[in-house]
Amino acid sequence: MSAYAQRQALWHFYLVESNSKEFEKPVRVRRRSCDRRCTRPSISPQDAARAATVWTSGRLPEYEQPHRYRRGSSKPHTFAISNTCREPMDNGDQFAFADCCPMSEGSARRTESSAHTEPTPHDAREALEEALRLHTQGDFDAAQVRYDALLARQPDHLEAAQLSGLCLLTAGHAERAAARFRRAIELDPRRPIAHVKLGLALKMLGQVEDALIAFDRALAIDPRYFEAWMERGITQAALDRPVNALACFDHAISIEPAHPGAMSNRGDTLRRLGRIEEALACFDHALAIDPGNVDVLLNRSTALRDARRNLEALDCVERILAIDPSNTAALNNQGNARVNLRRYDDAIESFTRAIDLDPGFAGAWINLANTLVTIGRHDEARVASDRALALAPNWPSALWNAGLHDLRTGRYATGWERYEARWQMSGFSLRRYKDIPLWLGKEDLRGKRILLWHEQGLGDTIHFCRYAIMVAALGARVVLEVQASLKTLIASSFKGMIDVVAHGDRVPSFDFATPLMSLPLAFATTASTIPFAPSYLKADPVRIEAWRARLGPMRARRRIGIACAGNPKHKGDAHRSVDLGLLVPLAQYGELIIVQKDRRRGDQATLDAHPGIVNVGPSLGDFSDTAALVAQLDLVISVDTSLAHLAGALGKPVWVLLPPHSDWRWELGRDDNPWYPSARLFRQRTVGAWGELVTRVCDALAALDAE
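Here the structure is a predicted model, which means the values were calculated and not measured.

1. Points about the UniProt feature "repeat: TPR" (unreviewed entry) in the chain
- In this structure's numbering, the residues bearing the UniProt feature "repeat: TPR" (unreviewed entry) are residues 158-191, 192-225, 260-293, 328-361 and 362-395.
- Helix makes up 79% of residues 158-191 and strand makes up 0%, while its end C-alpha atoms are separated by 11 Å.
- Split by type, residues 328-361 is 79% helix and 0% strand. Its first and last C-alpha atoms lie 8 Å apart.

2. Focus: helix 24 (residues 484-493)
- When we look at burial in helix 24, the residues that qualify are Leu486, Leu489, Ile490 and Ser493. The arc enclosing the buried residues of helix 24, seen along the axis, measures out at 90°, which places them on a common side.
- Buried residues in helix 24 make contact with helix 22 (458-464), strand 4 (477-482), strand 5 (499-502), helix 29 (623-631) and helix 30 (642-650).

3. Some remarks on the pairing of strand 11 (residues 654-658)
- With respect to burial, strand 11 is a largely interior element, five of its five residues being buried.
- Covered by surrounding structure in strand 11 are Val654, Val656 and Leu658 together with Trp655 and Leu657, the residues of both alternating faces.
- Sheet analysis places strand 10 (residues 635-639) next to strand 11, joined by four bridges and oriented parallel. In the strand pairing of strand 11, Val639 is matched with Leu657.
- Remark: the strand 10/helix 30/strand 11 crossover connection has right-handed handedness.
- In this structure, strand 11 lies alongside strand 12 (residues 679-683), joined through five bridges in parallel fashion. When the bridges of strand 12 are listed, Trp655 appears paired with Arg680.

4. Details of the packing of aromatic side chains
- For the structure on display, the rule yields 16 aromatic pairs.
- Taken together, a centroid distance of 6.3 Å and an interplanar angle of 85° make the contact between Trp416 and Trp675 edge-to-face. Taken together, the residues span a long stretch of sequence, with Trp416 in helix 21 (residues 412-419) and Trp675 in the loop between strand 11 and strand 12 at a distance of 259 residues. No difference in accessibility class separates Trp416 from Trp675, as the two residues are buried.
- Each residue in the set Trp400, Tyr412, Trp416, Tyr419, Trp439, Phe464, Tyr467, Phe523, Trp664 and Trp675 is aromatic and connected to the rest through ring pairs, giving one cluster.

5. Considering the pattern of salt bridges
- For the structure shown, the criterion picks out 40 salt bridges.
- Of the charged contacts, one joins Asp346 and Arg343 as a salt bridge, the two residues approaching to 3.3 Å between their closest N and O atoms.
- For Arg343, a relative accessible area of 33% translates into the label partly exposed.
- Residue Asp444 is joined to Arg446 by a salt bridge in which the shortest nitrogen-to-oxygen separation is 2.6 Å.
- Judged by its relative accessible area of 42%, Asp444 falls in the partly exposed class.
- A relative accessible area of 62% places Arg446 in the exposed class.
- What you see here is one network of salt bridges that share partners, running through Arg382, Asp386, Asp406, Arg411 and Arg418.

6. Examining the sheet that holds strand 5
- Reading across the sheet, the four strands line up as 5-4-3-6 and stay open at both edges, with parallel pairing between neighbours. One side of each edge strand has no neighbouring strand; the edge strands of this open sheet are strand 5 and strand 6 (512-515). When the angles between neighbouring strand axes are averaged without regard to direction, this sheet yields 25°.
- With four bridges connecting them, strand 3 (residues 449-453) and strand 6 associate as parallel partners. Looking at strand 6, one finds that Leu452 is bridged to Thr514.

7. A closer look at the side chain of Asn673
- The residue Asn673 is located in the loop between strand 11 and strand 12 in this model.
- Polar contacts involving the side chain of Asn673 include one to the main-chain amide nitrogen of Trp675, which spans 3.0 Å.
- In this structure the side chain of Asn673 is engaged in a polar contact, spanning 3.2 Å, whose partner is the backbone nitrogen of Tyr676.
- Those residues in contact with Asn673 that sit more than four places away from it in its chain are Arg665, Trp666, Ala679 and Leu681.

8. Section: the environment of Pro568
- Mapped onto the elements of the fold, Pro568 is located in the loop between strand 7 (559-563) and helix 27 (573-576).
- In this structure Pro568 touches Arg308, Asp573 and Arg600, once residues within four positions along its chain are discounted.

Rules used throughout
Residues numbered from 1 in each chain as written. Predicted model: local features only at pLDDT ≥ 70, side-chain atom pairs only at ≥ 80, totals over all residues. Heavy atoms only, no water. UniProt positions renumbered as here; feature names shortened; annotations may be inferred. Helix = DSSP H or I, 4+ residues; strand = E, 2+ residues; numbered from the N terminus. Buried < 20%, exposed > 50% of the residue type's maximum accessible area, 1.4 Å probe, protein only. Arc of directions from axis to C-beta. Contact = heavy atoms within 4.5 Å. Pairing = 2+ DSSP bridges. Right-handed = clockwise from strand over helix to strand, strands pointing away. Phe/Tyr/Trp six-rings, centres within 6.5 Å; stacked < 30°, edge-to-face > 60°. Salt bridge = Lys/Arg side-chain N within 4 Å of Asp/Glu carboxyl O. Axes fitted to C-alpha atoms, helices over the stretch in contact; angles between N-to-C directions. Polar contact = N/O pair within 3.5 Å; in protein donor to acceptor, adjacent residues only side chain to side chain.

Okay, structure coming up:
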């Protein structure tokens, strides 16, 4: 094989490898507090040696070959496993960036001193071939010395500039690589591949918008340039722009219909858009082209897990482990599927095995921590979480999980800070109102207009809307944006203090905008400074009277409102909701009134068998209506839903039924709660042990009767 063919093969090989690799582990842009650092994603010495073997056979590597997407499999593919880690950390939120390594002055002087002779074409060819030989053997440092020497003597050598840039990119020296690609573009601006590689280097430097410009320039030269569409799609996905990413991958597939990486990229983007069946069809298509493609199988297992088809996800992972028993990403996915199947000991075994193979696998440490939290082994979980944070101190997922552990144990100072990492994670909606300055407690608000806006669930809005009054007390004009079903209740409760609008309503201009759940950080809240306990919401007296008339006279010694299930789409729903039938024993201690709109499978049969249970759920309107009903109750008994928050915010006695791994706000090891003084907490002693928990609740009700 000629030296020219080798160089073309090297160029081609690097491009294909980087395309498929990056898609699985998309670089997530750190838009806020996290340092922007860059990874070393390209080609390992082993891959370079493999490429050299291919080149000596005289055959260029093809796009369809099965191992184009296998490198870097020790990085995490699917991390999030329960509501203890709200981010669905699937397909590569972890990345480790290396510092840029600019050329030192000493080495620059040495190259300048060597430029006293002009090499002959024969000398230049031999120098390039020697550099290429070292490059293809994976000896990147030695190859770079040869490239530098050649370019010092012949600065206009296009191939040397291009290959030097590739070598630097492989070694993680993104700044120098970008300079070499810019030089190659100066020498020949019509080569789209140089623009693509410049974009990759810029992305490694965190200059992601500039990377998109580079990809667009490549497409301006050649609108059917496959690699540019692929890299543009990968980057759009990394920026949480899945619709744009999908359009890019569709373009790529129109050019290379049989490319498994493009099809798998498309599938992963569809999965992130919630179009799971379409995503699975893409993965199946890719596997029909390349049945042994490990990374497509990994992504397919993630999609199956998202669809709660966990046994199929396990089968997918087993296919990978049959090919590569030491594939840590597959072991990680295996652990996640086992968690979903409540096979916690088996999941711990999977994560532990992945960690044994790769102790630096921060994602596996996080998943191990979350699994330990799920089964109540909090001390061990803290150790695992701290290990993940030590390995990846700027990784949002590690910060987020460590923050949850802090908040769960009452360490609010660090907890609130780390909680801000949510904005860098794919599981959360993008921060709204980014064009308005964010207020976190530093600026003087007197005479200013500030928008406070909801960001998560209904219970979260009820929990944190109390801070709107504190912001108003600083002299600000406050507008609070909430979900439509909460608008009437909160507006009437805070009348004369703040303005309340529903999400989607038009709002005026503002000086600042802050998400509700960042306000504890703004006010440096501690356990002793939690505001407006025991209550801060008020029910409408007119609606209270309407419910009094509807419920009629008391039929038992107390009225107990119950809620056994929350939002079925919540990731932790399987752990926090309970069958209505298990709560039937409570009926011997009072009149049970169901205070939730939605019914689950089996609820109607329970209601038919126990006609004394009153179901008013279908008659409930918005939360103002629910608050008026709660005002007519003596006690609320609820799983972790918005009703528990509502009762606590109204100051109504509420008993909250919790799994061992409850949300951070209920903290650990206590049966009271600083946020809601009227709350009493009942925790499962083992996962899924609702029957034993209900028995303790019955005992507590019996004790009240005995008083």
